[in-house]
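These are the residues of each chain, in order.
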Amino acid sequence: TVGDSVIIDQLYSQCHDFDWTNATNSPYVKINYGIQFVVSGSVKLAAGMNFETYNNSLILNSTEVNSITSNGVYLPKTYCRGGGTWNLNDNISGVSFYFNKGTINTNDFDVHTIAFRYASLNNVYDTTYYNLGTSKFYLNEFYIPENSTGIPELFFNPGNNQLTSNNLNFSDVTFLGNAIV
């Protein structure tokens, strides 16, 4: 019914697939302040849903192939880690996206965010693959840190990709193909 809500309030909460695609009447999901919410599968949000996170993070932690479907819902700070593969199923927008290990396939969908970053996990830098296709990135920051112990291998397959940013920060990165940077 209209007004139904789910409130996630356990300090460490986890689920496999976070799937709201069949939900109707604008569902409301709230992750209370200070909660770590981990999804070990796919994220599929319903169009028109309200997803409040109070500056918490959505942690996607998997070694499997998973998908991210936003249906126009603004995503919180999102971490992809665990070495899995994440496939975008539509254009996404959100606070920021951090990738630690694994593969992101944008499948030619656009990304609107404040920051798109490569991030270490406990100061461990792992190999990450970015298959960007013809996606357009609209962001304030695209960041790959320099690591004093040596940066890991980062592979960009940009296709005909376009990065539009106010702050591009790279260290020893090679772009292939027809990328516009």
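Rules used throughout
Residues numbered from 1 in each chain as written. Predicted model: local features only at pLDDT ≥ 70, side-chain atom pairs only at ≥ 80, totals over all residues. Heavy atoms only, no water. Helix = DSSP H or I, 4+ residues; strand = E, 2+ residues; numbered from the N terminus. Buried < 20%, exposed > 50% of the residue type's maximum accessible area, 1.4 Å probe, protein only. Contact = heavy atoms within 4.5 Å. Phe/Tyr/Trp six-rings, centres within 6.5 Å; stacked < 30°, edge-to-face > 60°. pLDDT = per-residue confidence, 0-100. Pairing = 2+ DSSP bridges. Core = buried A, V, L, I, M, F, W, Y, C linked by side-chain atoms within 4.5 Å.

Peer 1: In this structure, what is going on with the overall build of the chain? I would like to understand it.
Peer 2: Summing up its helical and strand segments, the chain has 0 helices and 19 strands in all. Looking at the chain as a whole, 45% of its 181 residues qualify as buried. The contacts in the chain between residues at least 6 apart in sequence include a share of 43% that link residues at least 24 apart.

Peer 1: What am I meant to see in the environment of Val6 here?
Peer 2: Here Val6 shows up in strand β1 (residues 5–8). By relative accessible area, which is 34% here, Val6 ends up partly exposed. Linking Val6 and Ile31, residues 25 residues apart in sequence, is a C-alpha distance of 8.5 Å. Beyond its immediate chain neighbours, meaning those up to four positions away, Val6 contacts Trp20, Tyr28, Val29 and Lys30.

Peer 1: Explanation requested: the packing of aromatic side chains in the structure shown.
Peer 2: Each aromatic ring pair is summarised here by two numbers: the centre-to-centre distance and the angle between the ring planes. For the coordinates displayed, the defined rule picks out 4 aromatic pairs. An angle of 40° between the planes, with centres 5.7 Å apart, marks the rings of Phe18 and Phe51 as tilted. Remark: Phe51 occurs in strand β7 (residues 50–52) and Phe18 occurs in strand β3 (residues 18–19); sequence separation between them is 33 residues. Just as Phe18 is buried, Phe51 falls in that class too. An aromatic cluster is defined as three or more aromatic residues linked by ring pairs; in this entry it consists of Phe18, Trp20, Phe37 and Phe51.

Peer 1: I tried to follow the confidence of the model for the chain on my own but got confused; where do I start?
Peer 2: Interpretation of this model should avoid reading the predicted coordinates in detail wherever pLDDT is low. Here the chain shows a mean pLDDT of 78. Residues at 70 or above account for 71%. Across residues 148–153, where pLDDT falls below 50, the model places 10 contacts with residues more than four positions away in sequence or in other chains. Residue range residues 169–174 is modelled with pLDDT below 50. Its contacts to residues more than four positions away, or to other chains, number 12 contacts.

Peer 1: What's the story with the pairing of strand β11 (residues 85–88) in this structure? I'm lost.
Peer 2: If a strand is regular, its side chains alternate between the two faces of the sheet. Because side chains alternate across β11, one face comprises the buried residues Thr85 and Asn87, and the other comprises Trp86 and Leu88, equally buried. One ladder, built from 4 bridges, connects strand β9 (residues 65–69) with β11; its direction is parallel. Bridging across to β11, Ile68 finds its partner in Leu88. Looking at chain direction, β11 and strand β13 (residues 102–105) are connected through 3 bridges and run parallel. Following the sheet pairing, Trp86 is matched in β13 by Ile104.

Peer 1: Help me out: how do you make sense of unusual backbone geometry in this one?
Peer 2: Excluding glycine, a negative phi dihedral is what most residues carry, and trans is how most peptide bonds are arranged. Phi is positive for Asn25, close to 65°, though the residue is something other than glycine. Residue position: Asn25 is located in the loop between β3 and β4 (28–31). Non-glycine residue Asn71 carries a positive phi angle of around 50°. By the secondary structure assignment, Asn71 is in the loop between β9 and β10 (77–81).

Peer 1: Whenever I open this one, the environment of Ser67 confuses me. Can you help?
Peer 2: Here Ser67 lies in strand β9. Sequence separation of Ser67 and Lys44 is 23 residues, and the distance between their C-alpha atoms is 7.6 Å. What Ser67 contacts, discounting residues up to four positions off in sequence, is Ser42, Val43, Lys44, Asn87 and Asn89.

Peer 1: In this structure, what is going on with the nonpolar core? I would like to understand it.
Peer 2: Most often, soluble globular proteins keep nonpolar side chains buried together rather than apart. Among the nonpolar cores identified, the biggest contains 33 residues, and Phe18, Phe37, Val39, Leu45, Leu60 and Phe116 are the most heavily contacted of them. Those elements giving two or more residues to this core turn out to be β4, β5 (36–39), β8 (57–61), β11, β12 (92–99), β14 (111–118) and β16 (136–143). Ignoring sequence-local partners within four residues, the contact set of Leu45 consists of Phe18, Trp20, Thr21, Phe51, Thr69, Ser70, Asn71, Val73 and Leu75.

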